[in-house]
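In case you want the letters, here they are:
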Amino acid sequence: MSAVKNIVLVHGGFVDGSGWQSVHRLLTQDGFNVSVVQNPTVSLVDDVAVTQRALDALDGPAVLVGHSYGGAVITEAGRHDGVAALVYIAAFAPDKDESVGTLVADPAPGAPVPPILPPVDGFLFLDRDKFAASFAGDLPAEDAAFLADAQVPWGLDALNGPITEPAWRAKPSWYLVATDDHMIPPPVQHQMAERAGATVAEAAGSHAVYVSQPQAVADLIKQAAGQ
């Protein structure tokens, strides 16, 4: 595969695309054309459509990158002809007919349970008081507090949206495991990465590893881009 210059970054649930800022800066400094998708996170179908519109706008192939729930989005949207490779950053990598909801329905004994509050009007939030410990334990307290206060409501139709055909079956993939993740247990990340046949790297970080370890994230994306 010749070097790819387009990168599309897709955020997960509960957050928006602003967390990609440091990764964006590192990649653009290296000459990449970087797009950040702002998913509504109302439904998986909508988020896939938004992501594919971003791909449609590009001239040439792209590396499609997803964090957390964004992994489900890229798993479905990644079948787009313009996608050369997939990169999962502490992300869900569902198989056919799976959703994020099915993947988290039966946690392993002793695994951390994300502090997701009961749905209100079909949307989910994390408990603000427990957000830092579960999602962003390696960020400065004020940064974690900002993420908690700036949460994006995550729709049940996004959580439970099933994959029709996983792109990782047809596209090469890479996976960054966050070794101190309290949202998606690292062993589960390794299992999904292995199932997807992904090239795996690790970084010492929380679920917000894309914020706390932007260089490790950018390095893996560049590897996927063939550089």
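## Overview of the packing of helix H2 (residues 44-56) against helix H3 (residues 70-77)
Moving on, step 1. In contact at an axis separation of 9 Å, H2 and H3 are set at 65° when each is read in the N-to-C sense. The interaxial crossing formed by H2 with H3 has right-handed handedness. Residues Leu44, Asp47, Val48, Thr51, Gln52 and Leu55 of H2 lie in contact with H3, whose contacting residues are Ala72, Val73, Glu76 and Ala77.
Moving on, step 2. Taken together, the residues of the contact of H2 with H3 sort by class into six nonpolar, two polar and two charged.

## Observations concerning the pattern of salt bridges
Moving on, step 1. Per the stated rule, a full pass over the model turns up seven salt bridges.
Moving on, step 2. Arg195 is paired through a salt bridge with Glu98; the nearest N and O atoms lie 2.8 Å apart. Here the residue Arg195 occupies a position in helix H8 (residues 186-195), and Glu98 occupies one in the loop between strand E4 (83-89) and helix H4 (100-103), the gap between them amounting to 97 residues.
Moving on, step 3. The exposure class of Arg195 is partly exposed, given its relative accessible area of 34%.
Moving on, step 4. Within this structure, Asp30, Asp219 and Lys222 form a network of salt bridges that share partners.

## A closer look at the pairing of strand E1 (residues 6-10)
Along a regular strand, successive side chains alternate from one face of the sheet to the other.
Moving on, step 1. With five of its five residues buried, E1 lies for the most part within the structure.
Moving on, step 2. Neither face of E1 is left uncovered, since the one carrying Asn6, Val8 and Val10 and the one carrying Ile7 and Leu9 both have all their residues buried.
Moving on, step 3. This β-α-β element, E1 to helix H1 (residues 21-29) to strand E2 (residues 33-37), shows right-handed connectivity.
Moving on, step 4. With five bridges joining them, E1 and strand E3 (residues 62-67) adopt parallel strand pairing. Its bridge partner lying in E3, Leu9 is registered against Val65.

## Examining unusual backbone geometry
Only a minority of non-glycine residues have a phi that is not negative, and only a minority of peptide bonds are not trans.
Moving on, step 1. For Ser68, which is not a glycine, the phi torsion comes out positive at approximately 55°.
Moving on, step 2. The topology assignment puts Ser68 in the loop between E3 and H3.

## Quick notes on the side chain of Lys171
Moving on, step 1. Here Lys171 lies in the loop between helix H7 (156-159) and strand E7 (173-178).
Moving on, step 2. In this structure Lys171 is buried but unpaired, with Asp81 as the nearest side chain of opposite charge at 5.9 Å.
Moving on, step 3. Of the polar contacts made by the side chain of Lys171, one reaches the backbone oxygen of Gly78; its length is 2.8 Å.
Moving on, step 4. Excluding its chain neighbours within four sequence positions, the residues that come into contact with Lys171 are Gly78, Arg79, His80, Val83 and Leu86.

## Some remarks on the packing of aromatic side chains
Moving on, step 1. A complete count under the given rule lists five aromatic pairs for this structure.
Moving on, step 2. An aromatic cluster of at least three residues, connected via ring pairs, comprises Phe14, Tyr69 and Trp154.
Moving on, step 3. Sitting over the ring of Phe32, Lys5 keeps its end group 4.8 Å from the ring centre.

## Digging into the layout of surface pockets
Moving on, step 1. There is about 410 Å³ of room inside the largest pocket.
Moving on, step 2. What lines the largest pocket is a set of 23 residues, among which Phe92, Leu103, Val104, Pro114 and Met183 lie closest to the centre.
Moving on, step 3. In terms of residue class, the lining of the largest pocket is built from 19 nonpolar, three polar and one charged.
Moving on, step 4. Each pocket or cavity is described by its volume, and for the second largest pocket that value is around 210 Å³.
Moving on, step 5. Forming the boundary of the second largest pocket are Ser18, Gly19, Gln21, Ser22, Leu139, Glu142, Asp143, Phe146, Leu147 and Val211.
Moving on, step 6. If you list the elements that add at least two residues to the lining of the second largest pocket, you get H1 and helix H6 (141-149).
Moving on, step 7. Considering every element that reaches the lining of the second largest pocket, the biggest residue donor is H6, with four residues.
Moving on, step 8. When the residues that make up the lining of the second largest pocket are grouped by side-chain class, the tally is four nonpolar, four polar and two charged.

Scoring rules and cut-offs
Residues numbered from 1 in each chain as written. Predicted model: local features only at pLDDT ≥ 70, side-chain atom pairs only at ≥ 80, totals over all residues. Heavy atoms only, no water. Axes fitted to C-alpha atoms, helices over the stretch in contact; angles between N-to-C directions. Helix = DSSP H or I, 4+ residues; strand = E, 2+ residues; numbered from the N terminus. Left-handed = near helix turned anticlockwise from the far one by under 90°. Contact = heavy atoms within 4.5 Å. Nonpolar A, V, L, I, M, F, W, Y, C, P; charged D, E, K, R; others polar. Salt bridge = Lys/Arg side-chain N within 4 Å of Asp/Glu carboxyl O. Buried < 20%, exposed > 50% of the residue type's maximum accessible area, 1.4 Å probe, protein only. Right-handed = clockwise from strand over helix to strand, strands pointing away. Pairing = 2+ DSSP bridges. Lys, Arg positive; Asp, Glu negative; His and termini not counted. Polar contact = N/O pair within 3.5 Å; in protein donor to acceptor, adjacent residues only side chain to side chain. Phe/Tyr/Trp six-rings, centres within 6.5 Å; stacked < 30°, edge-to-face > 60°. Lys NZ or Arg CZ within 6 Å of the ring centre and 35° of its normal. 1 Å grid on protein atoms, 1.4 Å probe; cavity = no way out; pocket = protein on both sides within 12 Å on 5 of 7 lines; lining within 4 Å. Points joined across faces, edges and corners; volume = space filled by probe spheres on them.

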